[in-house]
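A look at the structure
As a plain string of letters, each chain reads:
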Amino acid sequence: MSSEAAIDWLGRGWLLVLAFTVAVLVAALLRRPCRRLFGAERAFQLWLLPPLAMLASQLPHVAEAPVVVLSPVVIAITSAAAALPVHAAESGAIDWRVLAMLAWVAGSVCSLVLAALVQQRYRRCLRGATAMPVSLSRWPVLRAVGTDVGPALVGAWRTRIVLPADFEQRYDASERMLILAHETAHARRHDGWWCLCAQLTVALFWFHPLAWWALAALRHDQELACDAAVLREHGEQRRSYANAMLKTQSAAFALPVGCTWSPRHPLTERIAMLKLQQPDISRQRTGRVFLAIFALGMTAAVYAATPSPQARSGAGTGDRYTLKIDIAMGGHPESMHFTRCVKPGEYTELSGTDTSQLSWQGRFSVSPAVSPAAAGQLEISAEVDTRFDRGGGKVRTQSAKPIVRTMPGQQASIVFGQIIDGKQVENGKLEDNTIKFRVTPSNGCSGSLSSLGNPTKIDQRTKGRSARALGESVAAKAGFVLVNPEALDNRLVALNLEQVPATSALQLIADVDGMRAVFHDNKVNFEPK
């Protein structure tokens, strides 16, 4: 799985989690008041809210939503990593977002497999079950071999009603009729499909405690709604219905896709609900209209609150970002200014040298932030290696992978390679190996910008050439334009440039003449130190 795919999947996943959480909390708050006002059947329909909210969070936006500009996010990151070789930070590690996505998928698969095994275990208990002729049901009715299986509705498709082996002996005629009406109501209301969808949702959000609570609450409301449907047709037989509940044994086996009479559905509350007067037709119709309007309103609110794909990945930018990087090294003013056009997740490589002591090379990429809390922001990932030569064979290397977020057009700061061993006093001056990056991402690229791959490497041995001639030669090979080559004198220099980045080579040449090279994209200006 590529890093870009993981970013997109993880971003959509967080939106799913947020929409699901809000919808379940709303359903949890409204289920009891709705049950009292409009009846248990209407209250059960509140569980339509989570799938509708989840669907709304993934719908494409027709037009780009305006992005609220927040205050700049400026983050300073100080590397505290252990010293590593310069080449140890090459991007061979797996992106954490890929690992998170794989963990999410693995957990979902395990949850589904476990539910399938539990369902299969229940189905094995039906081996040897015999068909019962029941004229009142258009769904197959089976008599189980054991007395601890049923009454239950089993399955979503190929739905079957299962009754215990002692069905005729345990219940009288009125109770048998009511139990069959209860299970038939489950089948007529397609409760097997509701259970299947709920089980799939729990597998999707296996890490979310609210998902497991919602599954139990949905099962409870499902039984109350089914009780209400039976009493709507057999209201005069409430006592027989309560007796049938009391005579029914607790389910011995869990049934993920199906409906069983189980202690997980509090019996006392179910019996208490039998004593309540059912809402009249007008209140039920009012409840249906209220729930329809409420569901549409909440779905629209989730859709409106969800950041558009354009806001998440840079609207109208042609999948490109402009990344401006300003660099200051060794306590000096900024001497490098680069502007690059990059694709989401694509790395642009840069390098530089302040003096012969301090050098760096790095990779920078821009991606849309995946966290819903950072909607509309861009994330800049960097991999930077530094080399600090203090002389006398004392060479220190450090690596770090900082990440910062900011709104498009806003600036973020990275401070890397903070003073090694504190500020060292040598030859009466403070030695500073700090490298400061100011990064400014923005949506889109102008036609004059191009993506930068690997920086040009110079492989040239110099002998008997002047600093000016050497600088012009390096600039020509790397595509740089020297603004003031006359700032370099004509004295001969001897440098061994072996696989050195062009920016570093020009800095070294300038250093020989007591100058420093200041970069503005492809233009180089030599200034006194």
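In what follows, the accompanying structure is described. (Residues numbered from 1 in each chain as written. Predicted model: local features only at pLDDT ≥ 70, side-chain atom pairs only at ≥ 80, totals over all residues. Heavy atoms only, no water.)

1. Here's the deal with the packing of helix 7 (residues 191–204) against helix 8 (residues 209–233)
- Viewed as axis vectors pointing N to C, helix 7 and helix 8 meet at an angle of 170°, and their least axial separation amounts to 9 Å. Accordingly, the angle class assigned to the pair helix 7 and helix 8 is roughly antiparallel. Taken together, the residues of helix 8 that come into contact with helix 7 (itself represented by Asp191, Trp194, Cys195, Ala198, Gln199 and Val202) are Ala211, Trp212, Leu215, Leu218, Arg219 and Gln222.
- Tallied by class, residues from the contact of helix 7 with helix 8 come to eight nonpolar, two polar and two charged. (Axes fitted to C-alpha atoms, helices over the stretch in contact; angles between N-to-C directions. Helix = DSSP H or I, 4+ residues; strand = E, 2+ residues; numbered from the N terminus. Parallel < 35°, antiparallel > 145°, perpendicular 65-115°, else oblique. Contact = heavy atoms within 4.5 Å. Nonpolar A, V, L, I, M, F, W, Y, C, P; charged D, E, K, R; others polar.)

2. Some thoughts on helix 9 (residues 238–247)
- Among all positions in helix 9, only Tyr241, Ala242, Ala244 and Met245 are buried. Buried residues in helix 9, looked at end-on, bunch into an arc of 155°, giving them a common side. Across helix 9 from its buried face, at more than 90 degrees, point the exposed residues Arg239 and Leu246. (Buried < 20%, exposed > 50% of the residue type's maximum accessible area, 1.4 Å probe, protein only. Arc of directions from axis to C-beta.)

3. Description of the nonpolar core
- In this structure, Ile327, Trp360, Phe364 and Phe437 are the most contacted members of the largest nonpolar core, which totals 42 residues.
- Formed by 33 residues, the second largest nonpolar core is a distinct cluster that contains Phe20, Ala27, Leu218 and Ala295. (Core = buried A, V, L, I, M, F, W, Y, C linked by side-chain atoms within 4.5 Å.)

4. Some points on the pairing of strand 22 (residues 515–520)
- Within strand 22, five of the six residues are buried, which leaves it mostly tucked inside the rest of the structure.
- Bridging between strand 7 (residues 334–342) and strand 22 involves two bridges; their strand directions are parallel. What sits directly across from histidine 337, in strand 22, is histidine 520.
- Pairing of strand 22 with strand 23 (residues 523–528), which is carried by six bridges, proceeds in the antiparallel orientation. Note that in strand 23 the partner of methionine 515 across the bridge is proline 528. (Pairing = 2+ DSSP bridges.)

5. Digging into the environment of glutamate 233
- Note that glutamate 233 resides in helix 8.
- For glutamate 233 and alanine 181, which are 52 residues apart along the polypeptide, the C-alpha to C-alpha distance reads 9.4 Å.

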